[in-house]
Amino acid sequence: MGETPAGRKKRRRPASLSLSELMTLAVLFHQLRYRHFKSFYLSYALRFLRAEFPGLPSYHRCLELMLCCAVPLSALFDPLKGRCTGITILDSSPLAVCDNLHILRHRVFANVAARGKSSTGWFYGLKLHAAINHHGELLSIKVTSGNVDDRKPVAFLCRGLFGRVYADKGYVAGWLVDLLRARQLDLVTKVRRNMKPVQHRPFDQALLKRRSLIETVFDDLKNLCQIEHTRHRSHATFIVNLMRGIVAYCPMPNKPPLSIRSCAPACR
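Since we're looking at a predicted model, the values are computed, not measured.

The rules behind the values
Numbering of residues starts from 1 in each chain and follows the order in which that chain's sequence is written. Where local features are concerned, this predicted model is filtered to residues with pLDDT of at least 70; where side-chain atom pairs are given and counted, the filter is 80 or more; whole-chain, interface and lining totals use all residues. Side-chain calculation: all heavy atoms of the structure are included, whereas hydrogens and water are not. Runs of H or I in DSSP of at least four residues are treated as helices and runs of E of at least two as strands, each being numbered from the N terminus. Burial here depends on accessible area, computed with a 1.4 Å probe over protein chains only, as a share of the maximum for the residue type. Under 20% is buried, over 50% is exposed, and the range in between is partly exposed. Here, two residues are considered to be in contact whenever any of their heavy atoms come within 4.5 Å of each other. The Shrake-Rupley method, run with a 1.4 Å probe sphere, supplies the accessible areas, and residue values consider only the shown protein chains as cover. For the charge count, each Lys or Arg is scored as positive and each Asp or Glu as negative, with His and the chain ends excluded. Charge coordinates come from a single atom per side chain, which is NZ of Lys, CZ of Arg, CG of Asp or CD of Glu. Take a side-chain nitrogen of Lys or Arg and a carboxyl oxygen of Asp or Glu: if they are within 4 Å of each other, that pair is a salt bridge. Residues grouped as a nonpolar core are buried Ala, Val, Leu, Ile, Met, Phe, Trp, Tyr and Cys residues, joined through side-chain atoms within 4.5 Å. Working convention: axes come from line fits to C-alpha atoms, limited for helices to the stretch in contact. Angles between N-to-C directions cover 0 to 180 degrees. Oblique is the label for every angle not falling under 35 degrees (roughly parallel), over 145 degrees (roughly antiparallel), or within 65 to 115 degrees (roughly perpendicular). As a working rule, the residues Ala, Val, Leu, Ile, Met, Phe, Trp, Tyr, Cys and Pro are called nonpolar, Asp, Glu, Lys and Arg charged, and the rest polar, with Gly in that last group. Patches in this entry comprise residues that are over 30% relatively accessible and not in a salt bridge; like charges within 9 Å are linked, as are nonpolar side chains (Val, Leu, Ile, Met, Phe, Trp, Tyr) within 5 Å. We call a crossing left-handed when the near helix sits turned anticlockwise from the far one by less than a right angle, and right-handed when that turn is clockwise. Aromatic pairing here means that ring centres of Phe, Tyr or Trp (its six-membered ring) are within 6.5 Å. Orientation follows from the plane angle: under 30 degrees is stacked, over 60 is edge-to-face, and everything else is tilted. Each ring is checked for a lysine NZ or an arginine CZ that lies within 6 Å of its centre and within 35 degrees of its normal; such an atom marks a charge sitting over the ring.

A. Molecular detail of the overall build of the protein chain. A count of helices and strands for the protein chain gives 10 helices and eight strands. Looking at the protein chain as a whole, 45% of its 268 residues are labelled buried. The long-range fraction of contacts in the protein chain, counting pairs at least 24 apart against all pairs at least 6 apart in sequence, stands at 63%. As presented, the protein chain carries roughly 15,000 Å² of accessible surface, and 53% of it is formed by carbon and sulfur atoms. Of the side-chain charges in the protein chain, 42 are positive and 18 negative, and the distance between the mean point of each set is 3 Å.

If you want it as structure tokens, here you go:
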């Protein structure tokens, strides 16, 4: 029994589901393409999964227990992520936490979120930085505030990688080239208008034109795995929703790949 702020005693019941069962339900929700966890739990889990999960609690109790999955889901990403193939694509995507009209009233992420600008306009929230291989598999991820420079998390994202790293003009920086070169990595980007032209190899030019592969990955993460929405009520629910969506994406069989053979004609 524990004491509440009002001095009343509150029951601390043992969980009726194990941690592995909670994680399975969290990932299954995204794999079955339900749009709302409540409809998944009430109309599917409670009706058809009683045999597999005999200790299913009420919906509200399940939401309380689901908060325990934040760290285990984050740890599960490591064995499920893809392997470096020597071709790495970097980019970031906004994770809005509220509509722009409600920024001044927003309180949940008031000390974490920030205003940022993406290719689609201004947003208020966080950023998901990611590195993928040419098979569309996630290699590493990092979440920052919305106003963080895309170049700052690159050192973290490229740990343990090799080969060549492809990115857009926002990653152009001399210090970043030197940092990656010290790790035996080559950074390949297009140049800005006020820079001298750089002659890339035909293969690199072909891959830069197909760098939009990572945008397709972000699109799948947001629309199929629903890692972005503006209804979070705590930081913990945000982490759980983000990581269960990412973990659900990792074993997906139909990831958007980049055919290296398709780059060969462009190199001639």
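Alright, that's what it looks like, and here's the rest.
B. Spotlight on the side chain of Asp-220. Of note, Asp-220 is situated in helix α8 (residues 213–223). Buried within the structure, Asp-220 lacks any salt-bridge partner; Arg-33 is the closest side chain of opposite charge, at an N-O distance of 7.6 Å. In this view, Asp-220 contacts Cys-225, Tyr-249 and Pro-256; residues no more than four positions away in its chain are not counted.

C. Structural context of the nonpolar core. With 59 residues, the main nonpolar core has Leu-25, Tyr-41, Leu-138, Leu-221 and Ile-246 as its most contacted residues. Discounting residues that sit within four places of it in the chain, Tyr-41 has contacts with Leu-25, Leu-46, Leu-56, Pro-57, Ser-58, Tyr-59 and Cys-62. In this structure, Cys-84, Ala-131, Ala-167 and Leu-180 belong to the second largest nonpolar core, which totals 16 residues.

D. Highlighting unusual backbone geometry. Phi at Arg-33 is positive, roughly 65°, even though this residue is not glycine. Tracing the chain through its elements places Arg-33 in the loop between α1 (19–31) and α2 (37–48). When its relative accessible area of 35% is taken as the criterion, Arg-33 is described as partly exposed. Residues other than glycine seldom take positive phi values, yet Gln-226 does so here, at roughly 55°.

E. Examining the packing of α1 against helix α4 (residues 70–80) more closely. At a minimum axis separation of 10 Å, α1 and α4 run at an interaxial angle of 70°. In this view, α1 runs roughly perpendicular relative to α4, as classed from their interaxial angle. Residue-level contacts link Leu-19, Met-23 and Val-27 of α1 to Pro-72, Leu-73 and Leu-76 of α4. Across the contact of α1 with α4, the residue classes break down as six nonpolar, no polar and no charged.

F. Geometry of a positive patch on the surface. A surface patch of positive charge is lined by Lys-169, Lys-190, Arg-193 and Lys-209. Within the secondary structure, Lys-209 sits in helix α7 (residues 202–209). A relative accessible area of 65% places Lys-209 in the exposed class.

G. Layout of the packing of α4 against helix α9 (residues 235–249). Closest axis-to-axis distance for the α4/α9 pair is 9 Å, and the angle between their directions is 25°. Compared by their axis directions, α4 and α9 come out roughly parallel. Considering the relative orientation of α4 and α9, their crossing is left-handed. The segment α4 lies against α9, with Ala-70, Leu-73, Ser-74, Leu-76, Phe-77 and Leu-80 engaging Ile-239, Val-240, Met-243, Arg-244, Ile-246 and Val-247. Partitioned by chemical class, the residues of the contact of α4 with α9 number 10 nonpolar, one polar and one charged.

H. Looking closely at the packing of aromatic side chains. By the definition in use, this model includes 11 aromatic pairs. Arranged with centres 5.6 Å apart and planes meeting at 50°, the rings of Tyr-44 and Phe-48 form a pair that is tilted. Here Tyr-44 and its partner Phe-48 are both found in helix α2, four residues apart, which amounts to about one turn of the helix. Relative accessible area serves as the criterion here: at 24%, Tyr-44 is assigned to the partly exposed category. Put simply, the rings of Phe-29, Tyr-34, Phe-37, Phe-40, Tyr-41, Tyr-44, Phe-48 and Tyr-59 pair up and form one aromatic cluster. In this arrangement the basic side chain of Lys-142 is found over the ring face of Phe-156, its NZ or CZ atom lying 4.7 Å from the centre. Here the guanidinium or amino end of Lys-255 rests over the ring plane of Tyr-249, the centre of that ring lying 5.7 Å away.

These figures capture arrangement, not role.
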